[in-house]
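So you can see what is in the structure, the chains are spelled out below.
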Amino acid sequence: MNPPPVTAATAPDAFSPATAAGGATLPSLAVAPDLPDLLRPVAPRRGLIGFAWRHPAIAIGGALMLAMLLIALFAPFLGTVDPTALAPARRTREPSSAFWFGTDMLGRDIYSRVLYGARVSLTVGFSVAILASVAGLSIGLVAGFMRWADGIVMRVMDGLMSIPPILLAVALMALTRGSVGNVITAITFAEIPRVSRLVRSVVLSLREQPFVDAAVAAGTRTPMIILRHILPNTLAPMTVQATYVCASAMIVEAILSFIGAGTPPTVPSWGNIMAEGRALWQVKPYIVFFPAAFLSVTVLAVNLLGDGLRDALDPRMAKRL
Amino acid sequence: MLTYIIRRILATIPVMAVVALFVFSLLYIAPGDPAAVIAGDQATPDDVARIRASLGLDRPFLIRFGEWSWQILHGDLGTSIFTNLPVAAMIAVPIEPTLSLMAVTLAFAVLVAVPIGVVAAWQADTLIDRAIMAFAVLGFSVPVFVIGYVLAYVFALQLDWLPVQGYTPFAEGVAPWIEHLILPALALGCVYIALIARTTRAAMLEVLQQDYIRTARAKGIGQAGLLFVHALKNAAVPIVTVIGIGMALLIGGAVVTETVFAIPGIGRLTVDAILRRDYPVIQGVVLLFSFVYVVVNLAVDLTYTVLDPRIRY
């Protein structure tokens, strides 16, 4: 006798932690006769170093992210002064031992501004990643499971997706005052269509999996199926997507601030510092380059983390990209 | 085939309708009452109400949306709040620099990205492949204005090879025109190259595993012919698709690139419009670029049958 739940439990599914861990062998592999040498399980190195060895992208990206996070958290204790303190007497000083990154045209210390700017960038990046993921998950789950809603929701998403994200965020920012909260809302809005599209496509393929049929046959109600069987399986691709959303949000925030549609000038964000250095950049390039370097390294860290997670969580994708 | 083309064109109508609805709502919920602005400081509430009625601002949302859409379909994008000029005319002036920048970037990016993607797939898992993919991650991560400043600093300020900023119209000669576009196109192209190269590599890897490639190899075809004629043809559909989707990056990036290189294009117009809260101009720009994006992706869809004769509708 073979009850359906057993099939459901052993059905290999793309994003389950078992395949994600990499080390665990599937039952089907274990019974295959005469494994070629290549497929024999290699004793993995243990501990943190082993993990870093197997996933260098996660290790490097994670370490850089952690460093940036610590910088943002402990900005007041890292030899900074008030990032908004004006001192016209010592404006546009070149980088020196007193002003590590120099001062801007209002005499503000760029080192302090850049360090405090990390707070804005990370706040925007993380908030947008979380908010867009939650909203995208809800919309994608509804669209993927309720056929009547799918058509309308996806047409709306198609329409919003055909507006280039930066322009969409710019248009929304033009409506409101510049504030960190508004920037987060505008960028989240611009990111939602892509996330919900991804969730919907994952849901549509999961729906056809035998374990969902099994749950339906066992009489599980639809909300429970979504919660217990669909949602957990969307988490791996969502995590990867969230890191890309985070990276994109950081870039868009900097761009918005750079063109004057982002955080208000009183908030030291990397985009703002660069916008203020724009007029002088040919003679004082350091004003632009220090925030630019921090921004690039942070986004690189998030992207590396995303690539690493993708390879670790979804080995099929890893081969393709 | 013809029915497919017609159906595909019709399918863009709801998409553009959503865009139009969004863009219209923008003005609808924008802070500030145009009637009060026109009436001036001395106006009584009655005056404002009268002006509002004469402008038709007191009518329901959907009726106003319908009328506005009708105007748009006739090429009337409204009037700028700031300059009182028609938005369509204001957009027409700086369109040349923006189109030039995007065209040069597109051509350059495709010419660079496809070959390096092919090479990365051919040399998969070697040092060359790793280097190309590392470059792709960098291209995704370093924002366009950062690349722009670095390039301008190195090649214009330090080496003095190319102009730092500005734009020369095409009519004044090809050489100065392209000279001013090289650095902006390089900066704008990086993220696009990264995107296309990654997709090309992925598509090629899949194609190179197929049996007909082995057959072609056995037949004695040269490596270049095999990669660029036999394999690339079959990898074309995803590559062309991502070129179309990537247009969104190009459009958004153009706004920023123009700011860095002081190119008097649509990006400059947009930035000025944001600072002045000139909503009709922002609406016009969003509408125009979204339309371009939709049309490009429609064209991409329609090329599928040419690229892959197996696709039949």
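Given the structure is predicted, the values throughout are model-derived calculations rather than measurements.

**Side note on the overall build of chain B**
Part 1 of the argument: Helices and strands together make up the secondary structure of chain B, namely 15 helices and 0 strands.
Part 2 of the argument: Across its three principal axes, chain B shows a C-alpha extent of roughly 85 × 55 × 35 Å.
Part 3 of the argument: Looking at chain B as a whole, 36% of its 313 residues qualify as buried.
Part 4 of the argument: Relative to all contacts within chain B whose residues are 6 or more apart in sequence, the contacts with residues 24 or more apart total 73%.

**Comments concerning the interface of chain A and chain B**
Part 1 of the argument: Facing 37 residues of chain A, the contacting portion of chain B comprises 42 residues.
Part 2 of the argument: Mapped onto the side of chain A that touches chain B, the elements with two or more residues apiece are helix 7 (147-161), helix 8 (165-175), helix 11 (222-258) and helix 13 (286-313) of chain A.
Part 3 of the argument: Sorting elements by how many residues they give to the side of chain A that touches chain B places helix 13 of chain A first, with 9 residues.

**Let's talk about the nonpolar core**
Part 1 of the argument: Val128, Leu167, Ala169, Val170 and Ile187 of chain A together with Ile196 of chain B are the most contacted members of the largest nonpolar core, which totals 167 residues.
Part 2 of the argument: For this core, the element with the most residues is helix 9 (residues 174-208) of chain B, which contributes 19 residues.
Part 3 of the argument: Those residues in contact with Ile196 of chain B, other than ones at most four positions away along the chain, are Ala109, Val110, Ala113, Val114, Gly117, Ile239, Val242, Ile243 and Gly246 of chain B.

**Points about unusual backbone geometry**
Residue and element names in this part refer to chain B.
Part 1 of the argument: Of note in this structure, Asp125 is not a glycine but carries a positive phi near 70°.
Part 2 of the argument: You can see Asp125 is positioned in the loop between helix 6 (95-122) and helix 7 (127-141).
Part 3 of the argument: Look at Ala262: it is not a glycine, yet its phi comes out positive at around 50°.
Part 4 of the argument: Looking at where Ala262 falls in the secondary structure, it is placed in the loop between helix 13 (247-260) and helix 14 (266-276).

**Regarding helix 14 of chain B**
Part 1 of the argument: Of all the residues in helix 14 of chain B, the buried ones are Ile266, Gly267, Leu269, Thr270, Ala273 and Ile274 of chain B. Down the axis, helix 14 of chain B shows its buried residues gathered within 160° of arc, on one side only.
Part 2 of the argument: Elements in contact with the buried residues of helix 14 of chain B: helix 8 of chain A together with helix 5 (87-92), helix 6, helix 13 and helix 15 (279-307) of chain B.

**Some points on the environment of Met90 of chain B**
Residue and element names in this part refer to chain B.
Part 1 of the argument: The topology assignment puts Met90 in helix 5.
Part 2 of the argument: Judged by the 23 C-beta atoms lying within 10 Å of it, Met90 is buried.
Part 3 of the argument: For the pair Met90 and Ile266, spaced 176 residues apart in sequence, the C-alpha to C-alpha distance is 9.2 Å.
Part 4 of the argument: Non-local contacts of Met90, meaning those with residues more than four positions away in its chain, are made with Ser80, Thr83, Leu85, Leu269 and Val281.

Quick notes on the rules
Residues numbered from 1 in each chain as written. Chains lettered and ligands numbered in written order. Predicted model: local features only at pLDDT ≥ 70, side-chain atom pairs only at ≥ 80, totals over all residues. Helix = DSSP H or I, 4+ residues; strand = E, 2+ residues; numbered from the N terminus. Buried ≥ 20, exposed ≤ 12 C-beta atoms within 10 Å, placed from the backbone. Contact = placed C-beta atoms within 7 Å. Core = buried A, V, L, I, M, F, W, Y, C linked by C-beta atoms within 7 Å. Arc of directions from axis to C-beta.

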